[in-house]
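Summary of the model geometry
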Amino acid sequence: QLQLVQSGGGLVQPGGSLRLSCAAAGFALDGYAIGWFRQAPGKEREWVSCISRGNGRTYYTDSVKGRFTISRDNDMNTVYLQMNSLRPEDTAVYYCASKAARLYDTNCPTTYDYWGPGTQVTVSS
């Protein structure tokens, strides 16, 4: 069964850091583009970042640029979201998602096939 396993959420003070992990079970992530999304209470889910299959090109929503970094470790079959300088408005449930992609595709998908279960990130003093 294909699934994404997430870890790394928690409670952190403003200005702190967390690293989220998204590991694939049952398939190789290097054949996929991976996205991160988040959903805060009472708000719609929003796209945060993605990393393409081709060249590992990265994309970020404006509110996290310069603070978050997405990366992939194909040997570990895992994608990471390093989150620095966290703010209270980053508080949300974070989800990773995957979409099969062509080898040289450097774009972000508009839809995703598999989703992780989500992990809570709370930024509070």
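The rules behind each value
- Residues numbered from 1 in each chain as written.
- Predicted model: local features only at pLDDT ≥ 70, side-chain atom pairs only at ≥ 80, totals over all residues.
- Heavy atoms only, no water.
- Helix = DSSP H or I, 4+ residues; strand = E, 2+ residues; numbered from the N terminus.
- Rg over C-alpha atoms; globule rule 2.2 N^0.38 Å.
- Buried < 20%, exposed > 50% of the residue type's maximum accessible area, 1.4 Å probe, protein only.
- Contact = heavy atoms within 4.5 Å.
- Pairing = 2+ DSSP bridges.
- Axes fitted to C-alpha atoms, helices over the stretch in contact; angles between N-to-C directions.
- Core = buried A, V, L, I, M, F, W, Y, C linked by side-chain atoms within 4.5 Å.

Some points on the overall build of the protein chain
When its secondary structure is counted, the protein chain shows 0 helices and 11 strands. Going residue by residue from the N terminus, the α and β elements of the protein chain occur as β-β-β-β-β-β-β-β-β-β-β. The C-alpha radius of gyration computed for the protein chain amounts to 14 Å, which stays within 12% of the reference 14 Å derived for 125 residues, consistent with globular compactness. Reported as C-alpha extents along the three principal axes, the dimensions of the protein chain are approximately 45 × 30 × 30 Å. When the 125 residues of the protein chain are sorted by exposure, 44% land in the buried category. Contacts spanning at least 24 positions in sequence make up 60% of the contacts within the protein chain whose residues lie at least 6 apart.

Regarding the sheet that holds strand β1 (residues 3–7)
Strand order in the open sheet formed by 4 strands is β1-β3-β8-β7, with antiparallel pairing between adjacent strands. Two strands lie at the open edges of the sheet, namely β1 and β7 (68–73), each paired on one side alone. Sheet twist, expressed as the mean angle between neighbouring strand axes with direction ignored, is 20 degrees. Pairing analysis gives 5 bridges linking β1 to strand β3 (residues 18–25), with the strands arranged antiparallel. Bridge pairing links S7 to S21 in β3.

Some words on the nonpolar core
Of all hydrophobic cores here, the largest spans 27 residues; its most connected members are W36, F68, L81, M83 and Y94. At the level of elements, β3, β4 (32–39), β5 (46–51), β7, β8 (78–83), β9 (92–100) and β11 (119–123) are the ones that each hand at least two residues to this core. Counting residues per element, this core draws most heavily on β3, at 4 residues. Those residues in contact with L81 that sit more than four places away from it in its chain are L18, R19, L20, W36, V48, S49, F68, T69, I70 and Y94.

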